[in-house]
Amino acid sequence: MSIRVRFAPSPTGYLHIGGARTALFNWLYARHTGGTFVLRIEDTDDARNTQEAVDVILSSMRWLGLDWDEGPTTGDASAAPKGDLGPYFQSQRRDIYQSHIDKLLAADKAYEQDGAIKFRMTREPVIIPDMVCGDVNRKLTAREEADPDFVIVRSDGKPVFHLVNVIDDLEMGITHVIRGEDHLSNTSKHIQLFKALGAECPKYAHIPLILNGDGSKMSKRDRGASMTTYMEEGFVPEAVINYLCLLGWSPKDDRQKMNLQEVIDIFDLPQILRHNARFDMDKLVSLNGQYLAELDSETYRTLAENSLKQSGITLESFPTEYVQAAIDSTAGKLKQVSEIKDYAVFYFQNPEEVEWDAEASAKLLVMENHAPISALRDAFDALEPFNAESVQGAFKSTAKELGVKVGALVNPVRLACTGKTTGPSLYHLIEILGKDRVIGDINKALDRMQGNA
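Bear in mind the structure is a predicted one, so any value in this text is a computation, not a measurement.

This part is about helix 12 (residues 320-328). Residues of helix 12 that are buried include every one of Y322, V323, A326 and I327, and no others. Buried residues of helix 12, seen end-on, are gathered within an arc of 125° and therefore sit on one face of the element. Exposed residues pointing more than 90 degrees away from the buried face of helix 12 are listed as T320 and E321. Contact partners of the buried residues in helix 12: helix 11 (297-310), helix 13 (340-344) and helix 18 (426-433).

With that out of the way, let us pick up the pattern of salt bridges. All chains considered together, the criterion is met by 21 salt bridges. In this structure, D149 engages R123 in a salt bridge whose closest nitrogen and oxygen atoms are separated by 2.8 Å. Pair noted here: D149 is in the loop between helix 4 (142-146) and strand 8 (150-153) and R123 is in the loop between strand 5 (116-119) and strand 6 (126-130), with a separation of 26 residues, a long-range link. Here D149 falls in the buried class, since its relative accessible area comes to 9%.

So, on to the packing of aromatic side chains. Tallying each qualifying case throughout the model produces 14 aromatic pairs. A ring pair is formed by F119 and F150, whose centres lie 5.4 Å apart and whose planes are at 50°; its orientation type is tilted. Taken together, the positions of F119 in strand 5 and F150 in strand 8 put the pair 31 residues apart, joining distant regions of the chain. With respect to burial, F119 and F150 carry one shared label: buried. One aromatic cluster in this structure is built from F318, Y322, F346, Y347 and F348. When the ring centre of F150 is taken as origin, the NZ or CZ atom of K189, which lies over that ring, is 5.1 Å away.

What follows concerns the nonpolar core. Generally speaking, soluble globular proteins have nonpolar side chains that are buried together. Residues F279, Y347, F380, F395 and I430 are the most contacted members of the largest nonpolar core, which totals 110 residues. At nine residues, helix 1 (residues 17-33) tops the list of elements feeding residues into this core. Not counting the four nearest positions on each side in its chain, I430 is found in contact with F380, F386, V391, F395, V413 and V438.

The parallel open sheet is built from three strands, whose spatial order is 1-2-3. This sheet does not close on itself; its edge strands, each paired only once, are strand 1 (4-7) and strand 3 (88-89). Relative to strand 3, strand 2 (residues 36-41) runs parallel, the two being bridged by two bridges. For I41, the partnering residue across the bridge sits in strand 3 and is F89. Across the face of the sheet, helix 2 (residues 51-64) comes into contact with strand 1, strand 2 and strand 3 while running at roughly 160° to strand 2.

Next up on the list: the layout of surface pockets. If you add up the space inside the largest pocket, you get close to 1,200 Å³. Listed by contribution, the elements that provide at least two residues to the lining of the largest pocket are strand 1, helix 1, helix 5 (161-171) and strand 9 (176-180). Sort the elements by how many residues they give to the lining of the largest pocket and helix 1 lands first, with four residues. Here the lining of the largest pocket is built from residues that sort into 15 nonpolar, 12 polar and nine charged. When its volume is computed, the second largest pocket comes out at roughly 230 Å³. In this structure, the second largest pocket is lined by 16 residues; those nearest its centre are L246, L247, W249, L273 and K283. Across the lining of the second largest pocket, the residue classes break down as seven nonpolar, five polar and four charged.

With antiparallel pairing, the three strands of this open sheet are ordered in space as 4-5-8. Across the chains shown, the open sheet's two edge strands, defined by having one partner strand only, are strand 4 (110-113) and strand 8. Between one strand axis and the next, the sheet turns through 45° on average, direction left out of account. With four bridges connecting them, strand 4 and strand 5 associate as antiparallel partners. When the bridges of strand 5 are listed, E112 appears paired with I117. Across the sheet, helix 3 (residues 94-106) lies against strand 4, strand 5 and strand 8, angled at about 95° from strand 4, the strand it touches most.

So, on to the environment of L433. When you line up the elements, L433 lands in helix 18. A C-alpha to C-alpha distance of 8.4 Å links L433 and Y322, two positions 111 residues apart in sequence. When sequence neighbours within four positions are dropped, the list of residues in contact with L433 reads Y322, F346, Y347, C417 and V438.

Here the focus is the packing of helix 17 (residues 407-418) against helix 18. At a minimum axis separation of 11 Å, helix 17 and helix 18 run at an interaxial angle of 40°. In terms of orientation, helix 17 and helix 18 fall into the oblique class. Read as a crossing pair, helix 17 and helix 18 show a hand that is left-handed. Where helix 17 abuts helix 18, its residues V410, V413, R414, C417 and T418 lie against L426, Y427, L429, I430 and L433. The residue makeup of the contact of helix 17 with helix 18, split by class, is eight nonpolar, one polar and one charged.

Thresholds, definitions, all that
- Residues numbered from 1 in each chain as written.
- Predicted model: local features only at pLDDT ≥ 70, side-chain atom pairs only at ≥ 80, totals over all residues.
- Heavy atoms only, no water.
- Buried < 20%, exposed > 50% of the residue type's maximum accessible area, 1.4 Å probe, protein only.
- Helix = DSSP H or I, 4+ residues; strand = E, 2+ residues; numbered from the N terminus.
- Arc of directions from axis to C-beta.
- Contact = heavy atoms within 4.5 Å.
- Salt bridge = Lys/Arg side-chain N within 4 Å of Asp/Glu carboxyl O.
- Phe/Tyr/Trp six-rings, centres within 6.5 Å; stacked < 30°, edge-to-face > 60°.
- Lys NZ or Arg CZ within 6 Å of the ring centre and 35° of its normal.
- Core = buried A, V, L, I, M, F, W, Y, C linked by side-chain atoms within 4.5 Å.
- Pairing = 2+ DSSP bridges.
- Axes fitted to C-alpha atoms, helices over the stretch in contact; angles between N-to-C directions.
- 1 Å grid on protein atoms, 1.4 Å probe; cavity = no way out; pocket = protein on both sides within 12 Å on 5 of 7 lines; lining within 4 Å.
- Points joined across faces, edges and corners; volume = space filled by probe spheres on them.
- Nonpolar A, V, L, I, M, F, W, Y, C, P; charged D, E, K, R; others polar.
- Parallel < 35°, antiparallel > 145°, perpendicular 65-115°, else oblique.
- Left-handed = near helix turned anticlockwise from the far one by under 90°.

In structure tokens form, the structure reads like this:
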């Protein structure tokens, strides 16, 4: 059997991280089995659907690298590059739905009532065979016992989710429905619709929900719930994919960091965990830092430049070589690229704009440091060439002459140049800032020391 799976989001808002995880699990199963991954936009609710939401879904999928294999105009992946294939839209398939509605009415499997069309639902319990949850015995609720039949076409003539979902799965030959556990309550209706249409049901796999760290349901206000968060804050897509894999699935060997091909090779539905997943932003950020550190220089620079520009820094006013060197000095130091502004903003500030940390200033910019820092300034002034290697040599020789440790010089100078006591490699950032800027920063610090005397 050729595996065919689908991701079928409704374009009614942002793409939730749970939806992205559902798309990923479907995509992984298709890639693992050599099957087909279909993207279908369930846009029959005209009142709630928006083009903006469609665009968010498509951009999020492409950002994650979850390419789909079919499009409504081509029918297969060979006719056009995958990136050019559009998804299926339910709003364009109403003639297909109508033909099945007519069949249900003709077979007395459905009937009209108050202008709507209702499906004759079985009164007996429905067994839902599920590849994750096991066999689920779905009985009618007390409310359903009075009238178990349900609407499949509204009085305005528009078909509802239950019907179009089943018809599309039938028409598209979907073999496995992998979706969130919140849909499990719908599945008994879908199974009966398949039977009424004379079709075999796909296999179901309902995956656990993603909850906040405290066990509460994630709402759109919770950090990390929307996929746009990761796109806008400069996360590495591979890191997000890696983390999403770990939410409800386990490779059974406690590995955390895995490349996508490794996951594809071993991913299977029986490995999906039964219990709900807990979202941990700190864990994702830590993993993102590992991926950031492995990026090639060009990719990292692009992410960093975009983040700096979004934070309001005008990079165009600085030489290209200077910007690249400044960004390169931050590589491997950040967990999120959005941290780069606070970490390296001094590169793009005028000296008078750099604010010294108050606590560090009180500790380091004191008169007892005046003489050694003054001696180091004089050593810098005489350096030629002025680069990281010669700067390091000046620190060491000055410290030796004064009989102090290099660290006694490092922290006051770092504070003078950057306003902080942490940051990029000091010798390299001094080279990047240049002799004139650094000596000017040191002179300003020396003046503060005298003022604090």
